[in-house]
Amino acid sequence: MADTATNTATIEKVPEPKRSWGDEAEEEESSTTVPELSIEGLKIEEEPITTLVDEPEDSNIEAVTGDTLYSTATTFEELNLSKELLLGLYVDMGFKRPSKIQAKTLPMILTPPYKDLIAQAHNGSGKTTCFVLGMLSRVDPNVKAPQALCICPTRELAIQNLEVLTKMAKHTGITATCAIPMDRDASSARQVVTDQVVIGTPGTTKGWVAKGKLSIREMKILVFDEADHMLAEDGFKDDSLRIIKNIRDPKNKNTHCQVLLFSATFNDTVKNFVSRVVSDSNQLFVKKEELTLEAVKQFKVRCPDEISKLSVVKDKIIGLGEKVGQTIIFVHSRKSADMLHSTLAKEGWVCTNIHGAIDKEFRDKIVKEFKEGLTKVLITTDLLSRGFDQSQVNLVVNYDLPVKHGSYGEPDYEVYMHRCGRAGRFGRKGAVFNLLLTERDSNVMDKIQNHFSQQVAEVPNWDSDEDFEAALKSARLLD
DNA sequence: AAAAAAT
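The rules we used
Residues numbered from 1 in each chain as written. Chains lettered and ligands numbered in written order. Predicted model: local features only at pLDDT ≥ 70, side-chain atom pairs only at ≥ 80, totals over all residues. Heavy atoms only, no water. Near = heavy atom within 4 Å. Polar contact = N/O pair within 3.5 Å; in protein donor to acceptor, adjacent residues only side chain to side chain. Nonpolar A, V, L, I, M, F, W, Y, C, P; charged D, E, K, R; others polar. Core = buried A, V, L, I, M, F, W, Y, C linked by side-chain atoms within 4.5 Å. Buried < 20%, exposed > 50% of the residue type's maximum accessible area, 1.4 Å probe, protein only. Contact = heavy atoms within 4.5 Å. Helix = DSSP H or I, 4+ residues; strand = E, 2+ residues; numbered from the N terminus. Axes fitted to C-alpha atoms, helices over the stretch in contact; angles between N-to-C directions. Parallel < 35°, antiparallel > 145°, perpendicular 65-115°, else oblique. Left-handed = near helix turned anticlockwise from the far one by under 90°. UniProt positions renumbered as here; feature names shortened; annotations may be inferred. 1 Å grid on protein atoms, 1.4 Å probe; cavity = no way out; pocket = protein on both sides within 12 Å on 5 of 7 lines; lining within 4 Å. Points joined across faces, edges and corners; volume = space filled by probe spheres on them. Domains from an automatic or database assignment. Pairing = 2+ DSSP bridges. Right-handed = clockwise from strand over helix to strand, strands pointing away.

Sorry, what's going on with the protein's contact with DNA strand B here?
Of all residues adjacent to DNA strand B, which total 23 residues, the nearest are Pro-181, Thr-201, Gly-356, His-405 and Tyr-408. Within the contact set of DNA strand B, a phosphate oxygen lies 2.2 Å away from a side-chain nitrogen or oxygen of Thr-201. One of the backbone nitrogen or oxygen atoms of Asp-234 is found 2.8 Å away from a base nitrogen of DNA strand B. Across the surface near DNA strand B, the residue classes break down as 6 nonpolar, 11 polar and 6 charged.

How should I be thinking about the nonpolar core in this particular structure?
Burial of nonpolar side chains together is a common tendency in soluble globular proteins. With 45 residues, the main nonpolar core has Leu-81, Met-135, Leu-136, Met-168, Val-197 and Phe-262 as its most contacted residues. Sequence-distant contacts of Met-168, that is, excluding residues within four places in its chain, are made with Leu-85, Gly-88, Leu-89, Met-93, Phe-95, Thr-129, Val-132, Leu-133 and Leu-136. Counting 31 residues, the second largest nonpolar core, distinct from the first, contains Ile-317, Cys-351, Val-377 and Leu-435.

Whenever I open this one, the environment of Phe-273 confuses me. Can you help?
Mapped onto the fold, Phe-273 is located in helix H9 (residues 268–277). Judged by its relative accessible area of 18%, Phe-273 falls in the buried class. In this structure, the C-alpha to C-alpha distance between Phe-273 and Asp-228, residues 45 residues apart in sequence, is 9.4 Å.

What am I meant to see in the packing of helix H10 (residues 306–324) against helix H11 (residues 334–346) here?
With their axes 11 Å apart at the nearest point, H10 and H11 run at an angle of 60° to one another. Taken together, the axis directions place H10 and H11 in an arrangement best described as oblique. In the crossing of H10 with H11, the sense of the turn from one axis to the other is right-handed. Taking contact as the criterion, the partners of Leu-310, Val-313, Lys-314 and Ile-318 in H10 are, on H11, Leu-340, Thr-343 and Leu-344. Of the residues assigned to the contact of H10 with H11, the class counts are 5 nonpolar, 1 polar and 1 charged.

Explain the UniProt feature "domain: DEAD-box RNA helicase Q" (unreviewed entry) in chain A to me, please; I cannot follow it from the model alone.
The positions UniProt marks with the feature "domain: DEAD-box RNA helicase Q" (unreviewed entry) are residues 74–103. When the span residues 74–103 is considered, its composition is 47% helix and 0% strand, and the gap between its end C-alpha atoms is 7 Å.

How should empty space enclosed by the protein be read in this particular structure?
The method is simple in principle: a probe with the dimensions of a water molecule rolls over the atoms, and the space it marks as empty is what remains. Evaluation of the coordinates by the stated rule reveals 2 cavities of 30 Å³ or more. Taken together, 17 residues make up the lining of the largest cavity; nearest its centre are Lys-127, Thr-128, Glu-226, Gly-387 and Arg-425. Breaking the lining of the largest cavity down by element, the ones donating at least two residues are helix H3 (127–138) and helix H4 (155–168). In terms of residues, the lining of the largest cavity owes the most to one element, H4, which gives 3 residues. Residues of the lining of the largest cavity, tallied by class, amount to 2 nonpolar, 9 polar and 6 charged. Taken together, domain 1 (7–290) and domain 2 (297–474) each give at least three residues to the lining of the largest cavity, which thus spans both.

Would you take a moment to explain the environment of Lys-213 for this structure?
Structurally, Lys-213 is set in the loop between helix H6 (202–210) and strand E7 (221–225). The class of Lys-213 is partly exposed, set by a relative accessible area of 22%. Sequence separation of Lys-213 and Val-192 is 21 residues, and the distance between their C-alpha atoms is 4.3 Å. Contact partners of Lys-213, with chain neighbours within four places excluded, come to Arg-190, Gln-191, Val-192, Val-193 and Trp-208.

Where do I start with the pairing of strand E14 (residues 393–398) in this structure?
Consecutive side chains along a regular strand alternate between the two faces of the sheet. Most of E14 is tucked away: 6 of the 6 residues are buried. Alignment of strand E11 (residues 326–330) against E14, held across 5 bridges, turns out to be parallel. Each bridged residue has a counterpart across the sheet, and for Ile-328 the counterpart in E14 is Val-396. With 4 bridges joining them, E14 and strand E15 (residues 431–436) adopt parallel strand pairing. Paired with Asn-398 across the strands is Asn-434, a residue of E15. Between the parallel pair E14 and E15, the chain is carried across by helix H13 (residues 413–420), and the sense of this crossover is right-handed.

Right under this line is the structure:
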């Protein structure tokens, strides 16, 4: 067994400076527009939607490393990033210093011998920046061939990651492209990729490689975003393994390729599996009991029937949601997304709807409008449960609770956590409303509470405006 | 009894 001497270290909790930067969610808010801080018990005059609090608690991360010594940086300069990247970080992104996960992982990514990495960190703590800076640092801008590849579970996430990377790459001369499903015309006209970075979904990426449009010969770094899902049995396991195998196949005489796995969640099963996939790797895991949902305030609302559930959305949540920011409503299926959307639209409520059965161009338009703040309420399936980064979202509604496929009433804890993580990005305030109708819903909710060892507050009366206002006040979204 | 995804 090549099991090298491993040491397990637990990072001590240190008091954090009051404001923290370095997250990809911060780009649109320069230091001039963001209020200083919300302190417990202190009223802040500015709009609550832009109030920042302490960085999410990703402090107790268990690190397993080999015999290489890694530093933990407190400034981006210490990370040995190129001056072009620093310029992008400070000027274009408005970042000030690395978040904890960035400080820990970047030395691991950038220090030879470029070991593989499995990294877990809370939603909204700046994981994207880790692997984007990692890719951009390892790429040689003078070599006009793909050298970094990032695989994501959805088109939407691939596009979002490309946007972040393009912005950070502004002064480096590095170019990037998306390998995602396109119109027939666009995909048939596809030329051989000369961009240094490719960000894509599994099928299209595989297809490009098979057709000789994407060379993996010079690939130095391969990233899986939402890696637990990308390597899960009911996720993209087969595609992902094939891509890794292909890139690392000695027969292909490729350059050595470093593999990075990032996610906010790794359940025990997938954790065990990915540890075997990238066996000689650096590993950062959040302790189970530390992976909590403290960033957002959760509520449950018992509704007597379907009509009242609908009325909660219409008469309680949409109005309050528009007042404090943006809202995402999660439903179980494409069909229920369409139904909820048309029901609300028919009655004049303004909202949009997105899922995998909608035209790709239209999906892009829906996301763009939402990210620009033109629309305030977005109904979606689990298409957007992972990774979707819109800092103005502070209300999440589980119109249907997330349950595992093929089981009767078994909650999907990972999906629950990811959905909640769409609100309260990078330490902002957020609230989650879980709408309960059946006995089964109550059981699912109970199991979720047990799993996260957390009591979810109940909105006493589904039909009381005051109760919902009180809920938002306790989530500190309203004064 | 699901979502996504290159078919």
